[in-house]
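# Topology and contacts: notes
Chain by chain, the residues run as shown.
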Amino acid sequence: MKALMWRAVVNGQAVQLSVPPTRLLLSLLREELELTGTKLSCGLGRCGACMVLVDGMAVNACLVMAYQCQNREITTIEGLASQELHPVQQAFMEEGGFQCGYCTPGMIMSVQALLGQHPEPTEEQILQGLSGNLCRCTGYGGILRAVGRCCNKMESPGQADETSSV
Ligand code: FES
Ligand code: FES
């Protein structure tokens, strides 16, 4: 199958690569660009571990072909922080928003997309915004506290139910 010249902006850098049309965005990011912060878990669009931003929208990179992101702006977890942690990353750190950390990059990208769309989200919008992300460690309490720290709209620290699901 004929390769295509793939062009996009990834984490602020213009990228040009020859890729087969069957290449998934997730595979391109992890294997070609070595951006391994974007995780593969279910590979079926069910867990959100592979979440990235495409033109500011949260997208499951395991479900999207690279060619569908031609000339788009893609942001991965590696693109959030500069010299210091991004405020959402900092909030996850301070509120214990992760345990094993496998879901964390995807969670943080979903939070970033949510805050991009709703700078002051309602609780319903927060739950909706994270509905595509699963945490196998069930660390939802810390995750919700971290989101709350970012937008001051959820329960104050210590009030979230540690076992509640998003
Ligand atoms: Fe993409 Fe689970 S790995 S949604
Ligand atoms: Fe382990 Fe979420 S922290 S899967």
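Relative to the 20 Å expected for 14 residues at 1.5 Å per residue, helix H3 (residues 104-117) spans 20 Å between its end C-alpha atoms, a close match to the ideal helical length. Counting buried positions over the 14 residues of H3 gives 11, a clear majority of the element. Of all the residues in H3, the buried ones are Thr-104, Pro-105, Gly-106, Met-107, Ile-108, Met-109, Ser-110, Val-111, Ala-113, Leu-114 and Leu-115. Of the surrounding elements, those touching the buried residues of H3 are strand E3 (51-54), strand E4 (57-60), strand E5 (73-75), helix H2 (87-95), helix H4 (123-129) and helix H5 (140-151).

This brings us to the packing of H3 against H5. The geometry of H3 relative to H5 is characterised by a closest axis approach of 11 Å and an angle of 35 degrees between their N-to-C directions. In this structure, the crossing between H3 and H5 has a hand that is right-handed. Along the contact surface, H3 presents Met-107, Val-111 and Leu-115, while H5 presents Tyr-140, Ile-143, Val-147, Cys-150 and Cys-151. Of the residues that constitute the contact of H3 with H5, the class distribution is 8 nonpolar, no polar and no charged.

Moving on, we get to the sheet that holds strand E2 (residues 13-19). Sheet strands line up and pair through hydrogen bonds in the backbone, either parallel or antiparallel. Taken together, 5 strands build an open sheet; the order of strands is E2-E1-E5-E3-E4 and the sheet is mixed. Two strands bound the open sheet, and with one partner strand each, they are E2 and E4. Shown here is a sheet whose adjacent strand axes are inclined to one another by a mean of 40 degrees, direction ignored. Examined bridge by bridge, strand E1 (residues 4-10) and E2 share 7 bridges and lie antiparallel to one another. Across the sheet, the residue bridging to Ala-8 is Val-15, located in E2. Lying on the sheet, H3 is in contact with E3, E4 and E5; it crosses E3 at an angle near 35 degrees.

Let us look at the pattern of salt bridges. If you walk through the whole model with that rule in mind, you get 6 salt bridges. Linking Glu-94 and Arg-149 is a salt bridge whose minimum nitrogen-to-oxygen distance equals 2.7 Å. Of this pair, Glu-94 sits in helix H2 while Arg-149 is found in helix H5, placing the two residues 55 residues apart along the sequence. For Arg-149, a relative accessible area of 42% puts it in the partly exposed group.

If you look at the biggest cluster of nonpolar residues, it comprises 24 residues, and the most contacted ones within it are Phe-92, Met-107, Val-111, Ile-126, Leu-130 and Ile-143. Take this core: its biggest share by element is 7 residues, from H3. Among residues more than four places away in sequence, those in contact with Val-111 are Val-88, Phe-92, Leu-130 and Val-147. The next biggest cluster of nonpolar side chains, apart from the first, holds 21 residues, and it includes Val-10, Val-19, Leu-28 and Leu-29.

Once that is clear, we can look at the pairing of E3. Of the two faces of E3, the one holding Met-51 and Leu-53 and the one holding Val-52 and Val-54 are both buried throughout. For E3 and E4, the ladder comprises 4 bridges, and the chain directions are antiparallel. Bridge assignment links Met-51 to a residue of E4, and that residue is Asn-60. A loop of 2 residues connects E3 with E4, the two strands running antiparallel in sequence, and Asp-55 in this loop sits at a positive phi of about 50 degrees.

Between the antiparallel neighbours E1 and E2 lie 2 residues, among them Asn-11 with a positive phi of about 50 degrees. Direction of pairing for E1 relative to E5: parallel, over a ladder of 2 bridges. Along E5, the bridge assignment pairs Val-9 with Glu-73.

Calculation rules
- Residues numbered from 1 in each chain as written.
- Chains lettered and ligands numbered in written order.
- Predicted model: local features only at pLDDT ≥ 70, side-chain atom pairs only at ≥ 80, totals over all residues.
- Heavy atoms only, no water.
- Helix = DSSP H or I, 4+ residues; strand = E, 2+ residues; numbered from the N terminus.
- Expected span 1.5 Å × (residues − 1).
- Buried < 20%, exposed > 50% of the residue type's maximum accessible area, 1.4 Å probe, protein only.
- Contact = heavy atoms within 4.5 Å.
- Axes fitted to C-alpha atoms, helices over the stretch in contact; angles between N-to-C directions.
- Left-handed = near helix turned anticlockwise from the far one by under 90°.
- Nonpolar A, V, L, I, M, F, W, Y, C, P; charged D, E, K, R; others polar.
- Pairing = 2+ DSSP bridges.
- Salt bridge = Lys/Arg side-chain N within 4 Å of Asp/Glu carboxyl O.
- Core = buried A, V, L, I, M, F, W, Y, C linked by side-chain atoms within 4.5 Å.

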